[in-house]
Amino acid sequence: MSAVFVLAEVPALPLNEAGKYVAGAYIVLVVIILIYVSIMAIRLSRIERELAELLELSGAPKPEEPEPAALAAHQESAPA
Amino acid sequence: MYGKGLRSLSIVTVAAMALALSLVFFYAPLEAEQGFLQKIFYVHVPLAIVALCGFVVGALFAIAHLRTRDSRWDMRSYVVIHMSLIFAVAALITGSIWAKGSWGHWWVWNEPTLVSFLIVFLLYATYQPLRFAIEDPERQSRYASVFAITAGAFVPMNFIAVRLSTAYLHPRVLGGTSNLPGSMRLTFMVSLVAIALLFTTMCKYELTAKHTRAQVRALRRRLIGEDGTPAPRARTAVPSMSARPAARTGL
């Protein structure tokens, strides 16, 4: 409910002729960040796949999918 | 380890970006002449400044590489220049969008600021092909460092030359000719810090990803190449990531 009041207080954005140019410029920034995040996601999945292959080669037992609770506990204990 | 502090840096970057966008759209007043179109400056100018500073930082890392022959400096120089090129593309696109809205043209060839930025961008666009053209990693890193230093010295010279030119249409955000009121200046500074943080975070992500990949490759060589003979390195523009300094050889 408070969010509605906040939105009512903020000035209306003048989305006239200039609005499309401003939106375009900020969309460029967002798109670049999104493309970068997608590239990073592809790279991460490739590294994960390579690590899984190496684990198989080394003969080590494949690690099981960690439980969400265990993963959260590990992340909390891990140094930043 | 490149990943150290990455999580905190990412959180700070997201917070700074959110703050900058809030200030741009809900705090900074509308400019008298340009109106709402002036909001583009809060993203376009920081992108251009950060890209140019990135090129100079790349040159400083290249100097460190030539002094120490440590390939990690070459990798840092490569990543910073690579990221600066991406930011320069964003600056060029956002600048063109502003020019279309303000001047009615996507590009103006007799404007020194625009053309000089394009020249710097095109100069650095040859950095990757230069690296790719040299097969020997040692020579590649040395030549790339020399290029980065020369081009890096060109950036401030270019900037000063444009500032000294009298006839320009491009507005000045900072400096003696700027009349930014306090609220606009604050918004601009926060945007600049946010974009600089975004740049640093993206560089750190890139370095961490490259370092991790190099470690995985080293592990693969150790597991598969039992005889200790590493597989021949495929031709690539990406520097090798060995922490061991290479032998000192003349240029």
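Note that the structure is predicted; figures quoted are calculated from it, not measured.

Enquirer: How do you make sense of the packing of aromatic side chains when you look at a structure like this?
Expert: Aromatic rings considered in pairs are described by the distance between their centres and by the relative angle of their planes. All names here are of chain B. Under the definition given, this model contains 11 aromatic pairs over all chains. The interplanar angle of 85 degrees and the centroid separation of 6.2 Å between the aromatic rings of Y124 and F147 together place this pair among those described as edge-to-face. A residue pair is termed long-range when its members are at least 10 positions apart, and Y124 in helix α4 (residues 112–125) and F147 in helix α6 (residues 137–164) qualify at 23 residues. For the pair Y124 and F147, one class covers both residues: buried. On the numbers, 5.8 Å between centres and 35 degrees between planes, the contact of Y127 with F147 is tilted.

Enquirer: Is there a simple way to explain the pattern of salt bridges in this structure?
Expert: Side chains that differ in charge, positive against negative, can pair when their charged atoms come close. This structure, assessed with the given rule, holds eight salt bridges over all chains. For the salt bridge of B:E206 with A:R43, the shortest nitrogen-to-oxygen distance reads 2.8 Å. Here the residue B:E206 occupies a position in helix α7 (residues 182–224), and A:R43 occupies one in helix α2 (residues 17–58), the pair thus bridging two chains. On the basis of relative accessible area, B:E206 is assigned to the buried category, the value being 2%. The salt bridge partner of B:E138 is B:R142, with a shortest N-O separation of 3.4 Å. On the criterion of helical spacing, the pair formed by B:E138 and B:R142 is a turn pair, its members being four residues apart in helix α6. By sharing partners, the salt bridges in this structure join A:R43, B:E206 and B:K210 into a single network.

Enquirer: Just checking my understanding: could you explain the packing of α2(A) against helix α3 (residues 71–102) of chain B for this structure?
Expert: Relative placement of two packed helices is described by the angle separating their axes and the distance separating the axes. Contact pair α2(A) / α3(B): the axes reach a minimum separation of 9 Å and the direction vectors enclose 165 degrees. Looking at the two axes, α2(A) sits roughly antiparallel to α3(B). The chirality of how α2(A) crosses α3(B) is right-handed. Between α2(A) and α3(B), the residues in contact are A:Y21, A:G24, A:A25, A:V28, A:I32 and A:Y36 and B:M83, B:I86, B:A90, B:I93, B:T94, B:I97, B:K100 and B:G101, respectively. When its residues are assigned to classes, the contact of α2(A) with α3(B) shows 10 nonpolar, three polar and one charged.

Enquirer: Would you mind showing me how to read the side chain of B:S116 here?
Expert: Residue and element names in this part refer to chain B. Tracing the backbone through its elements, the reader meets S116 in helix α4. You can call S116 buried: its relative accessible area is 11%. One polar contact links the side chain of S116 to the main-chain carbonyl oxygen of T113, over a distance of 3.0 Å. Here S116 is in contact with N158 and V162, once residues within four sequence places are set aside.

Enquirer: Honestly, the confidence of the model for chain A in this entry has me stumped. Any pointers?
Expert: In low-pLDDT segments, the atomic positions of the prediction should not be examined closely. Of all residues in chain A, 54% have pLDDT values of 70 or greater, and the mean over the chain is 74. Within chain A, α2(A) carries the highest mean pLDDT (89), whereas helix α1 (residues 2–9) of chain A carries the lowest (53).

About the criteria used
Residues numbered from 1 in each chain as written. Chains lettered and ligands numbered in written order. Predicted model: local features only at pLDDT ≥ 70, side-chain atom pairs only at ≥ 80, totals over all residues. Heavy atoms only, no water. Phe/Tyr/Trp six-rings, centres within 6.5 Å; stacked < 30°, edge-to-face > 60°. Helix = DSSP H or I, 4+ residues; strand = E, 2+ residues; numbered from the N terminus. Buried < 20%, exposed > 50% of the residue type's maximum accessible area, 1.4 Å probe, protein only. Salt bridge = Lys/Arg side-chain N within 4 Å of Asp/Glu carboxyl O. Axes fitted to C-alpha atoms, helices over the stretch in contact; angles between N-to-C directions. Parallel < 35°, antiparallel > 145°, perpendicular 65-115°, else oblique. Left-handed = near helix turned anticlockwise from the far one by under 90°. Contact = heavy atoms within 4.5 Å. Nonpolar A, V, L, I, M, F, W, Y, C, P; charged D, E, K, R; others polar. Polar contact = N/O pair within 3.5 Å; in protein donor to acceptor, adjacent residues only side chain to side chain. pLDDT = per-residue confidence, 0-100.

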